Number of protein chains: 4
Amino acid sequence: MALRVICLMSRFNAMGVTTACRSMSSKANSKNIGFVGLGNMGGPMASNLMKSGHKLHVFDVSKEAAGKMKAQGATVYDKTSDLAGKSDFVITMLPNNDIVWKTYEEMTANGVNENTVFIDSSTIDPNVAQQVQKLVKAKGGRFVDAPVSGGVPGAVNATLTFMVGGTESEYECVKTILEGMGKRITHCGSYGMGQAAKLCNNMLLGISMIGVSEAMNLAIRLGLDPKTFSDIVNSSTGRCWSSEVYNPVPGITPTAPANKGYAGGFSTELITKDLGLASGIATSSNTPIPMGAMAHQIYRTLKSRGYGSKDFSVIYEFLKNEKNN
Amino acid sequence: MALRVICLMSRFNAMGVTTACRSMSSKANSKNIGFVGLGNMGGPMASNLMKSGHKLHVFDVSKEAAGKMKAQGATVYDKTSDLAGKSDFVITMLPNNDIVWKTYEEMTANGVNENTVFIDSSTIDPNVAQQVQKLVKAKGGRFVDAPVSGGVPGAVNATLTFMVGGTESEYECVKTILEGMGKRITHCGSYGMGQAAKLCNNMLLGISMIGVSEAMNLAIRLGLDPKTFSDIVNSSTGRCWSSEVYNPVPGITPTAPANKGYAGGFSTELITKDLGLASGIATSSNTPIPMGAMAHQIYRTLKSRGYGSKDFSVIYEFLKNEKNN
Amino acid sequence: MALRVICLMSRFNAMGVTTACRSMSSKANSKNIGFVGLGNMGGPMASNLMKSGHKLHVFDVSKEAAGKMKAQGATVYDKTSDLAGKSDFVITMLPNNDIVWKTYEEMTANGVNENTVFIDSSTIDPNVAQQVQKLVKAKGGRFVDAPVSGGVPGAVNATLTFMVGGTESEYECVKTILEGMGKRITHCGSYGMGQAAKLCNNMLLGISMIGVSEAMNLAIRLGLDPKTFSDIVNSSTGRCWSSEVYNPVPGITPTAPANKGYAGGFSTELITKDLGLASGIATSSNTPIPMGAMAHQIYRTLKSRGYGSKDFSVIYEFLKNEKNN
Amino acid sequence: MALRVICLMSRFNAMGVTTACRSMSSKANSKNIGFVGLGNMGGPMASNLMKSGHKLHVFDVSKEAAGKMKAQGATVYDKTSDLAGKSDFVITMLPNNDIVWKTYEEMTANGVNENTVFIDSSTIDPNVAQQVQKLVKAKGGRFVDAPVSGGVPGAVNATLTFMVGGTESEYECVKTILEGMGKRITHCGSYGMGQAAKLCNNMLLGISMIGVSEAMNLAIRLGLDPKTFSDIVNSSTGRCWSSEVYNPVPGITPTAPANKGYAGGFSTELITKDLGLASGIATSSNTPIPMGAMAHQIYRTLKSRGYGSKDFSVIYEFLKNEKNN
């Protein structure tokens, strides 16, 4: 009910209100949702939407991935433009800038239903997100970027964080849909700002994790007890998420990937991708990021040494293997 | 009373118990305390000890610094060896490795009173701290390293954190004395481990602060609102002490130096010194610290561009001044 | 005569021979040459082609720049597609990836004369160069990338180096034209390899210059005489182009920009652009470039501190201003 | 004869002239030479001096190493102070700062023969070299630092380069002795400047080698032919010793270690040591060395990954092993 009021109010805002949003309030939860990209992340996300009572219209280049969703009750499409024509919301979850751009070009080539709201949950360059928004808008539709954090477990358990870039009314409009897949839905600002927030946060995360690994490793080599030192750090000025809840040293944080051979978690490959995107936008915006660039190169080197599929905290393992001479 | 029990118990420990410690419990708070090095940190620390009821015996190469303490009731000495002869505890607060080493050589040249406990609160190489401990022990005395964090405000307000390296019984013994100058007295391990913990923590702090500055700057240049982005980071995986309580962007954390022109706080000069020490011990222990080394060079460059006396969070100011072309 | 033989021979090669090339040999030097982009580099390059006896057809978004060429005898066009229709060769000299791509899209939108050879002398991403080649080929034309080194003085004095990416026959075909603007015309490989060679070389140059600056600065601060040290380096394993002929320390290499306040030369802005492109292609090719990335960030920081228009060897000046404390 | 005149003239200089030098000219080549440190470098160096007709007085902590020299005709000593008493010149070739300092303390504890000239060919901190010079001078002797480059092959073949720090007359005095072990004897300036020159040059070398490796690797991954690209670099602004005569890519420079599995040459371990010393003196002289520090960390990481005994150009091998995803 509260949402309806907000949506009706925002109808008179400069940005207007989407029909998808309005109709949503009257028809409660059950919407027609298109989903493009049914991989490790997209698959469970789409499943969760079905569990929430939505009707799913899906597409994937892999027949197998699409087939799995069909078995769960989704309608499978050969063309994303057909899929979009049947959907109140379309969610895309794709691997990179180029594929996102091409998918939207194809999907919107013949125009879009003005009621449809497109949500891109891929992680891409904020500038590309802004171009996609313009493309969709030019066709008469609406678009927000809403990249996620939380990884495959977050996708499976519907505990993802969504970082949304769009107007206030668009944010309110997509919020209830996204809540079917995640726990925290954050409004980051206008178009592209969801991507920007994700990339900037992950750049800092990537830097901190290497910093914690270097500090822990140096402390241990100097003779400090790892647990004692991490306690000191965590009650002092060095504390950070990586030291407190995701410590890269085995035996410190029970739930961290460090305790299961750096399996699972957030892969080196994915943080390398995010830091590559961050480097690109830093270059295009003339922003110096000395530590971010160095972190990028370190994860890239890790990847080249065969650690790509390990959790990114494996950097500790990589650094610690120093021999004594 | 509790302390007395601990001290008496520790008397029977492998490491024994100091007479300074034993007598302390019987004579309550009033001890003879030698203090060597009465600068911006040492001066207020010594004053606080006097306020706690101790009798101070002081030395400084500056007659003026020593004179100030005399005016407050301290006895001034020309020779540290004489000072040590009158003291239950001797605290040293000196600028670098060489001065610490030479001071201890002179102070102990004619032997030391076996009851005296020496406490070095300077920030130096842990290896030097270990050598000083051996020197003092060879003369029959006891030594712990106990570097501080908290800066001049912590010294003035007796809210410093002390990181102590020594045996458990030595830690218990010096704790009540140090509580006259600080709020948190942490036992980090054996000799040198106080220094090691401080340097490793500060290396991580130095890395995190640059990371936060880069991430905030990039976010702002991409169009994110600084407050919105810092809120996102602080409830996400990028959060750290530097983002939460000491944000380098003006207007985010009310009490941070960023809001008063980067005055006060923890100077670029001091973090450069700490990172220089960290680099040195990383080299001597064959430990790779790519991010720590880079952070060291960045603060060193800042210093060379005239920011040495500013709070180290001025790195944000330095990075943000990018022009648009 | 020799060239004619080569061209005729290459007619029977797999790659074929261009009509532009064949007709060139019969009609000697005088060709119709289109020139798009008449800035600091393009302007003098076009002038030199006219001095070599060619007929110029020019375009620039700036009426003033185009007007200057008109005064020298060139024909000015409003549309690049019209210009291309009148030209045996079209040379483009443009600021970045996007402008190059858009220019070629417009210029070739209505098809191209199959006799026309397009030469892009801009510095851009090799992947974009390859895409432009495909675009031109699809329209029935031929394309080579031919970025330059040598800067504005090289453009003015017709002493540029051209790094050509294309087939052997295309290289031979464009060589005589390029010789009207430069001294060294190098064949680097297939399409995009001119760009790749330039960017990789300049990345190494950017690294070396900072390395020389750090080594000279450290040597001087340790007490070495700058001239003595540079002589030692130049007859030893540290020697490089930057130490031998372009030393960043004033008074060492007489002709270097260091001796005239770092004016002229190769600007910090331009090397930052080249290193940004190098970083981009390293990211897209999964190649670790730790030193290249760091060099990029250092020049970017220099630029942000107001040194963008100075020669890139000003990094020495930036580093040396260290104060003693 | 020319040397004698210089030496006699310099007798009246402020710095005086050594008897060792004067007598050298009268007694031609045969001198009593002490040699301390008979390892991989020192052993062949001492042998070459014997081959030149000198009488050798040797010491090593390893009986085996000393025994080998005895077999060649040297006199073996148990105490370096006894050795020094019999020698016109004493050459030390030792692993690090501490061992050099302790050796000179012991060797000069009972005073030194005023005729004896001490030459330290170890690679150490220039500040330590200056302290050793003061120690020797205080005992009435003379000292120069004369570190080498050229490695074990240079030591074996008497083709080393010596970088000498001392007065002009001391340089002339030691030159003929050093010529028995090397080809190039360079005067770098006053005490410690031999060490400073070596470390600064090697820092630049370490940077350049990584730069060449990154540029070659990126070029190859982009599709350039390695030979073509190295030819372009070597006739362009990226050229340096590492690209021209010691290329890290197999198949480019026939004599380079890259062609024999990176065996032999200049080990990663040794350049790591040199860069560690360079980092230390940069810290103590407040000199920013961003690229030098990064190069140091990269070689240190290489070492920690098991490449310590390989030639330092193995960095190319390390970087190139990137997988495609």
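Thresholds, definitions, all that
All chains use their own residue numbering, which begins from 1 and follows the written sequence. Each chain takes a letter, starting from A, and each ligand takes a number, starting from 1, following the order in which they are written. Local features in this predicted model are restricted to residues of pLDDT 70 or higher, and side-chain atom pairs are both shown and tallied only at a pLDDT of 80 or more, whereas totals for entire chains, interfaces and linings draw on every residue. The basis for every side-chain value is the complete set of non-hydrogen atoms in the structure, without hydrogens or water. Counting from the N terminus, the helices are DSSP H or I runs at least four residues long and the strands are E runs at least two residues long. For every residue, the accessible area (1.4 Å probe, protein chains only) is compared with the maximum for its type, and the residue is labelled buried under 20%, exposed over 50%, or partly exposed between those bounds. Only heavy atoms enter the contact rule, under which two residues are in contact if any of them lie within 4.5 Å. To measure how exposed things are, a 1.4 Å probe is used in the Shrake-Rupley method; for residues, cover is taken only from the protein chains shown. We call two strands paired when DSSP finds no fewer than two bridges between them. Here the term right-handed applies to a crossover when the path leading from its first strand over the helix to its second strand runs clockwise, the strands being oriented away from the viewer. When the copies are overlaid, the least-squares fit takes in C-alpha atoms only where the residue has pLDDT of at least 70 in both copies. Note: pLDDT gives the predictor's confidence per residue, expressed from 0 to 100. Expected helix span is taken as 1.5 Å per residue step, with the number of steps being one fewer than the number of residues. The arc in question is the one spanned by the directions pointing from the helix axis to the C-beta atoms. Any pair of nitrogen or oxygen atoms within 3.5 Å is treated as a polar contact; in protein, a donor-acceptor pairing is required on top of that, and neighbouring residues in sequence qualify only through side-chain atoms on both sides. Two parts placed together each lose some accessible area; with a 1.4 Å probe, that loss summed over both constitutes the buried area. By definition, a salt bridge exists where a carboxyl oxygen of Asp or Glu is found within 4 Å of a side-chain nitrogen of Lys or Arg. Amino acid classes used here: Ala, Val, Leu, Ile, Met, Phe, Trp, Tyr, Cys and Pro are nonpolar; Asp, Glu, Lys and Arg are charged; the rest, including Gly, are polar. Geometry is summarised by axes, namely lines fitted to C-alpha atoms with helices restricted to the contacting stretch, and by angles between N-to-C directions that run from 0 to 180 degrees. By definition in this entry, angles of less than 35 degrees are roughly parallel, angles greater than 145 are roughly antiparallel, angles of 65 to 115 are roughly perpendicular, and the rest are oblique. Definitions for this section: a left-handed crossing has its near helix turned counterclockwise from the far helix by less than a right angle. A right-handed crossing has that turn clockwise.

1. A short note on the overall build of chain A
Argument step 1. Within chain A one finds 15 helices and nine strands.
Argument step 2. Burial statistics for chain A: of 325 residues in total, 62% are counted as buried.
Argument step 3. Taking as baseline every contact in chain A between residues at least 6 positions apart, the subset at least 24 positions apart corresponds to 64%.
Argument step 4. Per element, the accessible surface of chain A, about 11,700 Å² overall, is 52% carbon and sulfur.

2. Considerations on the pairing of strand β9 (residues 182-189) of chain B
Consecutive side chains of a regular strand alternate in pointing toward one face of the sheet and then the other.
Residues and elements named next belong to chain B.
Argument step 1. The pairing of strand β8 (residues 160-165) with β9 spans six bridges and is classified as parallel. Of the residues in β9, the one forming a bridge with T161 is R184.
Argument step 2. Crossover handedness for the path β8 to helix α9 (residues 168-178) to β9: right-handed.

3. Let's talk about the relation of the copies chain A and chain B
Argument step 1. For these two chains of identical sequence, chain A goes onto chain B by a turn of 180° and a shift of 0.0 Å along the axis, with RMSD 0.0 Å. Taken together, the rotation and translation relating the two chain copies correspond to the operation of a two-fold axis. Among all residues of chain A, the minimum C-alpha distance to the rotation axis is found for C240 of chain A, at 1.9 Å.
Argument step 2. Looking at the interface residues of chain A, 100% of them are also at the interface in chain B, so both copies use one shared face.

4. Points about the confidence of the model for chain A
Residue and element names in this part refer to chain A.
Argument step 1. Averaged over all residues, the pLDDT of chain A equals 91, while 90% of them reach at least 70.
Argument step 2. For the stretch residues 1-18, pLDDT sits under 50, and the model shows 25 contacts to residues farther than four places along the chain or on other chains.
Argument step 3. Counting interchain partners and residues more than four positions distant, the pLDDT-below-50 stretch residues 23-27 has nine contacts.

5. Re helix α6 (residues 97-108) of chain A
Residue and element names in this part refer to chain A.
Argument step 1. Between its first and last C-alpha, α6 extends 17 Å over 12 residues, near the 16 Å set by a 1.5 Å rise per residue.
Argument step 2. Looking only at α6, the buried set comprises V100, T103, Y104, M107 and T108. The buried residues of α6 occupy one face: seen down the axis, they fall within an arc of 105°. Residues of α6 that are exposed and point over 90 degrees away from its buried face: D98, K102 and E106.
Argument step 3. The inward-facing, buried residues of α6 abut β1 (32-36), α5 (80-85), β4 (89-92), β5 (117-120), α7 (126-138) and β6 (142-145).
Argument step 4. The N-cap of α6, judged by a side-chain oxygen 3.2 Å from the amide nitrogen of D98 a few residues on, is N96.

6. Brief notes about the interface of chain A and chain C
Argument step 1. Taken together, the 14 residues of chain A in the interface contact 14 residues of chain C.
Argument step 2. Buried surface at the junction of chain A and chain C, both sides included, amounts to about 1,200 Å², of which 60% is carbon and sulfur.
Argument step 3. Among the residues chain A hides against chain C, the three largest losses belong to T283, Q297 and R300 of chain A. Together they make up 40% of the total.
Argument step 4. Scanning the region where chain A abuts chain C turns up zero salt bridges.
Argument step 5. Applying the counting criterion to the chain A and chain C interface returns four residue pairs in polar contact (both at pLDDT 80 or more).
Argument step 6. Here the side of chain A that touches chain C gets eight residues from one element, more than from any other, and that element is helix α14 (residues 290-307) of chain A.

7. Describing the pairing of strand β2 (residues 55-59) of chain C
All names here are of chain C.
Argument step 1. In terms of burial, β2 is largely enclosed, as four of its five residues are buried.
Argument step 2. Where strand β1 (residues 32-36) meets β2, five bridges bridge the pair, whose relative direction is parallel. Paired with N32 across the bridge in β2 is K55.
Argument step 3. Regarding topology, helix α3 (residues 42-51) serves as the crossover connection from β1 to the parallel β2, and that connection is right-handed.
Argument step 4. Pairing of β2 with strand β3 (residues 75-76), which is carried by two bridges, proceeds in the parallel orientation. In the sheet register, V58 faces β3, and the bridge partner there is V76.

8. Section: the pattern of salt bridges
Argument step 1. With the rule as written, the count across this model stands at 20 salt bridges over all chains.
Argument step 2. Among the ionic pairs, E244 of chain D bridges to R239 of chain C, the shortest N-O distance being 2.6 Å. Here the residue E244 of chain D occupies a position in helix α12 (residues 241-244), and R239 of chain C occupies one in the loop between α11 (226-234) and α12 (241-244), the pair thus bridging two chains.
Argument step 3. For R239 of chain C, a relative accessible area of 17% translates into the label buried.
Argument step 4. With a shortest N-O distance of 3.5 Å, K175 of chain D and E179 of chain D are connected by a salt bridge.

9. Focus: the interface of chain A and chain B
How big an interface is tends to be expressed through the accessible area that disappears when the partners come together.
Argument step 1. Listed per partner, the contact involves 59 residues of chain A and 59 residues of chain B.
Argument step 2. Interface of chain A and chain B: buried area, both sides summed, is about 5,100 Å²; carbon and sulfur atoms make up 67% of it.
Argument step 3. There are two salt bridges connecting chain A and chain B.
Argument step 4. Where chain A meets chain B, there are 20 residue pairs in polar contact (both at pLDDT 80 or more).
Argument step 5. Among the elements of the structure, β9 (182-189), α10 (193-222), α11 (226-234), α12 (241-244), α13 (268-284) and α14 of chain A are those that each provide at least two residues to the side of chain A that touches chain B.
Argument step 6. Per-element tally for the side of chain A that touches chain B: the top contributor is α10 of chain A, with 21 residues.
Argument step 7. When grouped by side-chain class, the residues that make up the side of chain A that touches chain B number 33 nonpolar, 19 polar and seven charged.

10. Examining the packing of helix α6 (residues 97-108) of chain C against helix α7 (residues 126-138) of chain C
All names here are of chain C.
Argument step 1. Contact geometry for α6 and α7: axes closest at 10 Å, N-to-C directions at 0°. Taken together, α6 and α7 sit at an angle that is classed as roughly parallel. Two secondary-structure elements touch here, α6 through N97, V100, W101, Y104, E105 and T108 and α7 through V128, Q131, V132, L135 and V136.
Argument step 2. Along the lines of polarity and charge, the residues of the contact of α6 with α7 split into seven nonpolar, three polar and one charged.

11. Some thoughts on the packing of helix α13 (residues 268-284) of chain B against helix α14 (residues 290-307) of chain B
All names here are of chain B.
Argument step 1. As a packed pair, α13 and α14 sit with axes 9 Å apart at the nearest point and diverge in direction by 145°. Judged by the sense of rotation from one axis to the other, the crossing of α13 with α14 is left-handed. For the pair α13 and α14, the contacting residues are T268, E269, I271, T272, L275, G276 and S279 in the first and G292, A295, H296, Y299, R300, L302, K303 and Y307 in the second.
Argument step 2. Looking at the contact of α13 with α14, its residues break down into six nonpolar, six polar and three charged.

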